[in-house]
Every structure is written in structure tokens, then in C-alpha cells.
Amino acid sequence: MPSDSKSLPILFCFAGQGSQYYHMASDLMSAYPVFRQWMEIGDRIVRNLHGFSPLEAIYAADKSLSDPFDRLEQSHPSLFMTQFALAKLLQGQGVKPDGLLGVSLGEFVAMSVSGMIPFETALKAVADQPAIFRKTSPAGALIAALAPVSIRAESPLLSELTEVAGTNAERHCVLACLETDAEQVISELRRLDVAFQRLPVPFAFHSRWIEPAKETYLEAVSELSFETPFWPVWSSCLGKPLEATNGNLLWQIVREPMELRKTFAAIEVGGGARYLDLSPTASLAAVLRQELSERSPSEIVPLLSPFGGNLKRLEQIFQN
């Protein structure tokens, strides 16, 4: 930990699809009433809207950590609720952000925590999205690869079958492809000896393959209104803080590539931050460790993990 870490601005960081898993943050549900309260509020909203319980989905007794949490209708609101509730828990314990950073779905969480969009409005918008893509877009895949984006240009097959859906670090990118091409893409990554992980996502977000959803998506968010945020909201789509938001920008967040590396670089130029990773898998912290130089004054603080230790990590944050 840098000696001057307490003087750094605190940045709450929220991840997108792929960071969810069954039983995420289960220990927080029993240990922290504030966290449980927000999860239950979100659960009531989604049940009234779509007739199912995200809490029953997240904490299903017949599911294990290794089972893919990939039904978008369930995972979309569940991931939003979990990260939002954790942000409210931190704030309730006196940990206040100086800024927020969102990636993909995490941008909706960041906008809601910042006060740009009310919680219920944002959650409804997120919960409505899966039906739009199910109706309009072909099945697709997102594959995180421990390789630079140049890996795509170096392989004729990857060039033909994939698009770069995100650039997270110098040697960490996300590739999008159609479901029908996913096995070929995976085989090619194995041939190239590239470590990869297929994300539990059923559509090729951040690529041309969701373009058929544009008109329906824009219509669905056309009546949303946005307030001035309480804190700066860094967009990993734009690589800078949001100055104004509208339906077109919400579509960009879903359609355009994630520029997380560019966003981190801009924050570091400004002096760095104490990055609090609120994603269930601490995936953003893992990317940051790859990307930040040894000379960076920044501190990286993962909060949740599938492998436990959540309560201990949170207590350390609260004490500091």
C-alpha cells in the first residue's frame, strides 16, 4: 500500500457482464442489513416487473459457484443489484467515493450510485434489456484473452470471425463473435497458446452483432431523464467522465468497445486513485495490477471474491 494512499481520491469501480456467479456476496446478505435491504428492494422491483426473483436465482440451492450464471434475464439485474447494494453498504459505513468508474453494465450502476438515474429507474432499464436482445440479436459470445489486441490482426481466422469488444490492459482484451463461430475462435486461441476465458454472456455485446437491437433499444430508453451526478462518473466507453447523458450514450455503452485501458491511463495521468473494486470477482483489480506501473501512487483494493474472505476485507476497509 502506498504511504500516501489515504490522500488519493476514492474511486468506486463497477464491472459488467461476466463478473457474476451463483451465491455471490452471500456472506454480506447475512452480515450487513443495509446490503440485504437494497438487495430485497431490488428483488421486489424485478419481481413486480418480470415475475421472477433475482435473489432466488442468485442463491439457488441447486447451483454451485462453478455453474455458469448465464441466463441474461437473471444475471443482468442480479449483477446490477449486487454492486449497487455494496456501494450503499460502503457509504453507510462512511466510505464515500470521490468518483465512480463503470464498465459496460457497470456504467449503469455508476450512473445510479452517482444520482444521475434513480435506482428503480436504472434497475428497470437493466432488467428490460435482455428481452430486447433476445428478440433482435443473434446468439453470441464474449471471450476474454490474455493477449494484446494485435492477436486478432495476427490471425486470419480471428480477423474474420471476431471483433475487439474491449481493451482492458496491454495484454488483456475481449473478443466478440457469433455463437456459431465460438468453438472455432476458442480452438484458434488454443492453437496460439493464448490463455482465455469464455464469459457467461449469451450475446456479442460491444460488437456489430448486436446492431439489430439499436432501434428497439433506443425506443426503450427514450423517455429516461438524467440528473447532474454527485461525483464524476468515468465511462469506460468514452475513456473520460460523463458530461451529459442521453439514450444515444446508453446505446453506445452497450454497442461500442470497452476502453478500460484508455480510461485507467487518463485517471493515472490525473494523479491516480484508490481503486475500490466492487465487482463480485474483483476482475477490475486483476486488470489494474497488469496495467499500472510500479511508479504509480495508486492503490488497488479488491472487495469481493468467489473464494471467500469478503467480510475480513470489508472490515479492513471500514477500519481504514
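Predicted, not measured: the structure shown is a model, and the values here were computed from it.

Here's the deal with the overall build of the protein
- What the protein contains, in helices and strands, is 14 helices and 10 strands.
- Relative to a compact globule of 320 residues, whose C-alpha radius of gyration would be 20 Å, the protein shows 19 Å and is just as compact.
- Relative to its full complement of 320 residues, the protein shows a buried share of 55%.
- Taking as baseline every contact in the protein between residues at least 6 positions apart, the subset at least 24 positions apart corresponds to 79%.
- For the protein, the exposed surface amounts to about 13700 Å²; the carbon and sulfur share of it is 49%.
- Separation between the mean location of the 27 positive side-chain charges and that of the 36 negative ones in the protein comes to 3 Å.

Examining the sheet that holds strand β4 (residues 163-169)
- As summarised here, the arrangement of the four strands in space is β4-β5-β3-β6, forming an open sheet in which the pairing is antiparallel. In the strand order of this sheet, the two ends are held by β4 and β6 (196-198), each with one partner. Across the sheet, the axes of successive neighbouring strands diverge by a mean angle of 20°, strand direction being ignored.
- Looking at chain direction, strand β3 (residues 140-145) and strand β5 (residues 172-178) are connected through six bridges and run antiparallel. Looking at the pairing, isoleucine 143 lines up with leucine 175 of β5.
- Strand contacts of helix α9 (residues 182-191): β3, β5 and β6, with the helix running at about 165° to β6, the strand carrying the most contacts.

Comments concerning the sheet that holds strand β8 (residues 240-241)
- As summarised here, the arrangement of the six strands in space is β8-β7-β2-β1-β9-β10, forming an open sheet in which the pairing is mixed. Across the chains shown, the open sheet's two edge strands, defined by having one partner strand only, are β8 and β10 (299-302).
- Pairing analysis gives three bridges linking strand β2 (residues 99-102) to strand β7 (residues 233-235), with the strands arranged parallel. Counterpart to glycine 102 in the pairing with β7 is serine 235.
- Of the strands in this sheet, β1 (10-14), β9 (274-277) and β10 are in contact with helix α13 (residues 283-291), which crosses β10 at around 155°.

Re the nonpolar core
- Judged by nonpolar contacts, the single largest core of 93 residues is most densely connected at Phe12, Phe35, Leu86 and Leu90.
- Examining the composition of this core, we find that 10 residues originate from one element, helix α4 (residues 72-92), more than from any other.
- Among all residues touching leucine 90, those that are not within four sequence positions of it are Phe12, Val95, Leu276, Leu278, Leu303, Leu314, Ile317 and Phe318.
- If you look at the next biggest cluster of nonpolar residues, it comprises 15 residues, including Cys177, Ile186, Leu189 and Val194.

What about the pattern of salt bridges?
- Per the stated rule, a full pass over the model turns up 10 salt bridges.
- In this structure, aspartate 43 engages arginine 47 in a salt bridge whose closest nitrogen and oxygen atoms are separated by 2.8 Å. A residue pair is termed a helical-turn pair when its members lie 3 or 4 positions apart in one helix, as aspartate 43 and arginine 47 do in helix α2 (residues 33-50) at four residues.
- The class for aspartate 43 is buried, based on a relative accessible area of 5%.
- Overall, arginine 47 belongs to the partly exposed group, its relative accessible area being 38%.
- One salt bridge in this structure joins arginine 71 and glutamate 73, with 3.9 Å as the shortest N-O distance.

With respect to the side chain of serine 155
- Its place among the elements puts serine 155 in the loop between α7 (150-153) and α8 (156-161).
- Using a relative accessible area of 1% as the deciding quantity, one classes serine 155 as buried.
- One polar contact links the side chain of serine 155 to the main-chain amide nitrogen of leucine 158, over a distance of 3.1 Å.
- Discounting residues that sit within four places of it in the chain, serine 155 has contacts with Glu188 and Leu192.

Reading the values: rules and limits
- Just so you know, the residues in each chain are numbered from 1, in the order the chain's sequence is written.
- Side-chain atom pairs in this predicted model are given and counted only at pLDDT of 80 or more, local residue features only at pLDDT of at least 70, and totals for whole chains, interfaces and linings cover all residues.
- The side-chain numbers reported here are obtained from all heavy atoms of the structure, hydrogens and water having been left aside.
- Only DSSP runs of H or I reaching four residues or more are called helices, and only runs of E reaching two or more are called strands; each is numbered from the N terminus.
- Based on C-alpha atoms, the radius of gyration is set beside the globule rule, defined as 2.2 Å times the residue count to the power 0.38.
- Between buried and exposed lies partly exposed: a residue is buried under 20% and exposed over 50% of the maximum accessible area for its type, with that area taken using a 1.4 Å probe on protein chains only.
- Any two residues having at least one pair of non-hydrogen atoms within 4.5 Å are treated as being in contact.
- To measure how exposed things are, a 1.4 Å probe is used in the Shrake-Rupley method; for residues, cover is taken only from the protein chains shown.
- Charge assignment: positive for Lys and Arg, negative for Asp and Glu; neither His nor the chain ends contribute.
- One atom stands in for each charge, and that atom is NZ of Lys, CZ of Arg, CG of Asp or CD of Glu.
- When DSSP locates at least two bridges between a pair of strands, those strands are taken to pair.
- With axes taken as lines fitted to C-alpha atoms, and helix axes fitted only over the stretch in contact, angles between N-to-C directions fall between 0 and 180 degrees.
- Among the buried residues, those of types Ala, Val, Leu, Ile, Met, Phe, Trp, Tyr and Cys that are joined through side-chain atoms within 4.5 Å form a nonpolar core.
- Any carboxyl oxygen of Asp or Glu that lies within 4 Å of a side-chain nitrogen of Lys or Arg is treated as forming a salt bridge with it.
- Pairing of N or O atoms within 3.5 Å defines a polar contact, subject to two protein rules: one partner must be a possible hydrogen donor and the other a possible acceptor, and residues neighboring in sequence count only if both atoms are side-chain atoms.

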